[in-house]
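For reference, the chains in residue letters:
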Amino acid sequence: MQQQRSRVYVWEFPVRFTHWINLLCILALSITGFYIGNPFIQAYSAKQYIMGWIRFIHFVAAYAFLMSFLIRIYWGFMGNKYANWRAFNPFSAKKIRDLADITMFYLLLKKEPPPAVKKEGHTACAIYVYLGLFILFVIEILTGFALYSQSHYGVFWKLMGGWLLSVINVQNIRLYHHLIMWFLIAFAILHVYIGWFLDKTEKNGLMGSIFSGYKFVTGKELE
Amino acid sequence: MKIPDEKELGFMEKLAQKGISRRDFMKFCTMMAATLALPASFAPKIAEAIEKSKRPSLVWLEFQDCAGNTESFLRASKPTVVEIVLNLLSVDYHETIMAPAGKQAEKSLDDVVKNQKGKYITVVEGAIPTKDGGVYCCIGGRSAVDIVKEVCGNAMATIAVGACAWDGGWPAASPNPTGAKGVKDVVSGITLINLPGCPMNVQNLTGVVVHLLTFGALPATDELGRPLFAYGERIHDHCERRAHFDAGQYVRQWGDEGHRLGWCLYEMGCKGPETFQNCPTIRWNDATNWPVGSGHGCIGCASPRFWDTMTPFYRRLPKVPGFGVEATADKIGLGLAAVTAAGVVAHGIARAVKGKGPEQGEKKE
């Protein structure tokens, strides 16, 4: 029996906008950041400015990323219920049960998609992963500004992340900043694959929803 | 040790006796003003202060050290060590270079502490072991902790020279068997300035002493207790090889073409980008050269706990704990990404093999 499906506006413009800005920034930051940590292109002339431009792009992308992050946090207070910070409250017994169901489904230990993946907003699994992602973002931003504050003196840069230097030694800050890049790359692979997997199994237009904002859900799931 | 006619001769005459002209002296004062980041107009004030100074006593304490800072001190040529020792300061106790030994030596230290309370300068070189009651470093039957508490506690000012006297340095490197600590962690409430580095640069020591003589106070310090004039700016930002860094020209291997051409040592693990000291500007051994200038990366010896935090010296990033020596962050990261990708592929295959489970589920609907 074919159930009726409704088109629900889930992802508002700021959510989609920050999503794509984040993607562009993380791509740019990862490529330039990898070069900064391990300069794999050798200049043939001292008149070139490869590291200079790479660092310039890295810093500009870092600022863009920070702004995007701040917009998304702002939207956590202003946006609809799917974007709201309350949806990200990790301390919920239901979410933990749903997480277990979804994980079983993702690991192909369960054939039936659990009802938890048929929701309009984020699934419970996504909530926990994105919370972790936000923490990684915060660490990247703080460690990034901590490293930046080494060549930018003043109280402002101290506040932006320079204070970290008196807590953790600078080389470890550099290491964490570097390692988290790989976590973000691993996340991106999983993120796209699970999105595509759910799109295929649920036929809910998940992959398209991040462009249009609309998801398709079966009638009974609608509140 | 006293020169008989010392009091009769003026400071300049004494310098002249040693072949140092007033012009040389003024050049030194101008250089000191520049080192201390003061305007050139301060040079005459420095000259005046030095001429009028009353030769404060200086005691130099050595604990867990290699005498490297003493070596650095003895290589001072502006003013030459003789001028520092005899004219600027009266070095009353210095185990390595003093003439008396044994009880007589200890007596000179006691005399200074007793008779010149609050008037003398103490220089501390080496870490102070605190474990097991401080038995790992004793001089004349007294532990380093006792000596440093008494001598530094009664001094006008204490200058901790070298990484060891600052935060324990090498002796405090993990696992720190003797519980070595720097002066700042052993005695509190003293007037202290730190000149970390392995060793400290003698020009900075001279700068601190000149500042003390000129202004009667120690120079401004950062939150780690290091003078800002010497440790306020990053090595990387004043490095002569910086242009190669920005261009993208790196030494990839010792002795390669880039190394011969003097390119940037970033890839060889140079810690210039995270170390704060004035080495590129004042250099070493009378501004002859400095590590990066001679083709070796900075090892960050003026950074906190450098032996633990700045190693491996020849790699950009520290080791990842628990992954062995050869694992670098990139290898682990690449492995992580590969495992994720493999997981995704396996998941896709498993799903195809399992007979399209989810689609079956949908048919039931």
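Residues numbered from 1 in each chain as written. Chains lettered and ligands numbered in written order. Predicted model: local features only at pLDDT ≥ 70, side-chain atom pairs only at ≥ 80, totals over all residues.

(A) Spatial organisation of the domain arrangement of chain B. Residue and element names in this part refer to chain B. Once the domains are mapped, chain B shows domain 1 (6-231) and domain 2 (235-360). With centres defined by C-alpha atoms, the gap from domain 1 to domain 2 works out at 36 Å. Looking at the side of domain 1 that touches domain 2, the elements that each hand over two or more residues are α8 (162-167) and α11 (228-231). Split by residue class, the side of domain 1 that touches domain 2 holds eight nonpolar, seven polar and three charged. (Domains from an automatic or database assignment. Helix = DSSP H or I, 4+ residues; strand = E, 2+ residues; numbered from the N terminus. Nonpolar A, V, L, I, M, F, W, Y, C, P; charged D, E, K, R; others polar.)

(B) Spotlight on the interface of chain A and chain B. Of the residues lining the interface, 37 residues belong to chain A; the matching set on chain B comes to 37 residues. Of all the elements in the fold, those that place two or more residues in the side of chain A that touches chain B are α2 (50-78) and α6 (170-202) of chain A. Broken down by element, the residue count for the side of chain A that touches chain B peaks at 15 residues, all from α6 of chain A. Across the side of chain A that touches chain B, the residue classes tally to 20 nonpolar, 14 polar and three charged. (Contact = placed C-beta atoms within 7 Å.)

(C) How the structure looks around the sheet that holds strand β3 (residues 121-125) of chain B. Residues and elements named next belong to chain B. In space, the five strands of this open sheet follow the order β2-β1-β3-β7-β9, with parallel pairing throughout. Each end of this open sheet is capped by a strand with a single partner; those strands are β2 (90-94) and β9 (192-195). Each strand axis lies, on average, 20° off the axis of its neighbour in the sheet, ignoring direction. Note: β3 against strand β7 (residues 157-161), five bridges, orientation parallel. In the sheet register, Ile 121 faces β7, and the bridge partner there is Ala 157. (Pairing = 2+ DSSP bridges. Axes fitted to C-alpha atoms, helices over the stretch in contact; angles between N-to-C directions.)

(D) Examining the pairing of β9 of chain B more closely. Residue and element names in this part refer to chain B. Side chains Leu 192 and Asn 194 project from β9 onto one buried face, and the interleaved Ile 193 and Leu 195 project onto a second face that is buried too. Sheet topology note: the β7/β9 ladder contains four bridges and is parallel. Bridged to Val 161 within β9 is Leu 195. (Buried ≥ 20, exposed ≤ 12 C-beta atoms within 10 Å, placed from the backbone.)

(E) Region of the structure containing the packing of helix α1 (residues 13-37) of chain A against α2 of chain A. All names here are of chain A. The interhelical angle for the contact between α1 and α2, taken along N-to-C directions, is 150°, at an axis separation of 8 Å. Classified by the interaxial angle, the pair formed by α1 and α2 is roughly antiparallel. For the element pair α1 and α2, the recorded crossing hand is left-handed. Across the interface between the two elements, Pro 14, Val 15, Thr 18, Ile 21, Asn 22, Cys 25, Ala 28, Leu 29, Thr 32, Gly 33, Tyr 35 and Ile 36 of α1 pack against Ile 54, Arg 55, Ile 57, His 58, Ala 61, Ala 62, Ala 64, Phe 65, Ser 68, Ile 71, Arg 72 and Trp 75 of α2. When grouped by side-chain class, the residues that make up the contact of α1 with α2 number 16 nonpolar, six polar and two charged. (Parallel < 35°, antiparallel > 145°, perpendicular 65-115°, else oblique. Left-handed = near helix turned anticlockwise from the far one by under 90°.)

(F) Molecular detail of unusual backbone geometry. Residues and elements named next belong to chain B. Each neighbour pair has its own omega, and for Ser 174 with Pro 175 the value is 5°, a cis peptide bond. Relative to the helices and strands, Pro 175 is located in the loop between α8 and β8 (180-181). Cis geometry marks the peptide bond from Cys 198 to Pro 199, where omega comes out at 0°. With respect to the helices and strands, the residue Pro 199 is situated in the loop between β9 and α10 (202-215). Here Ala 37, not a glycine, exhibits a phi torsion of approximately 60°, which is positive. Structurally, Ala 37 is set in the loop between α2 (22-35) and α3 (42-52). Within the chain, Asp 132 stands out as a residue other than glycine whose phi angle is a positive 50°.

(G) Structural context of α1 of chain A. Compared with the 36 Å implied by 1.5 Å per residue over 25 residues, the 35 Å span of α1 of chain A between its first and last C-alpha is a close match. Summarising the contacts, the buried residues of α1 of chain A are in contact with α2 and α6 of chain A. (Expected span 1.5 Å × (residues − 1).)

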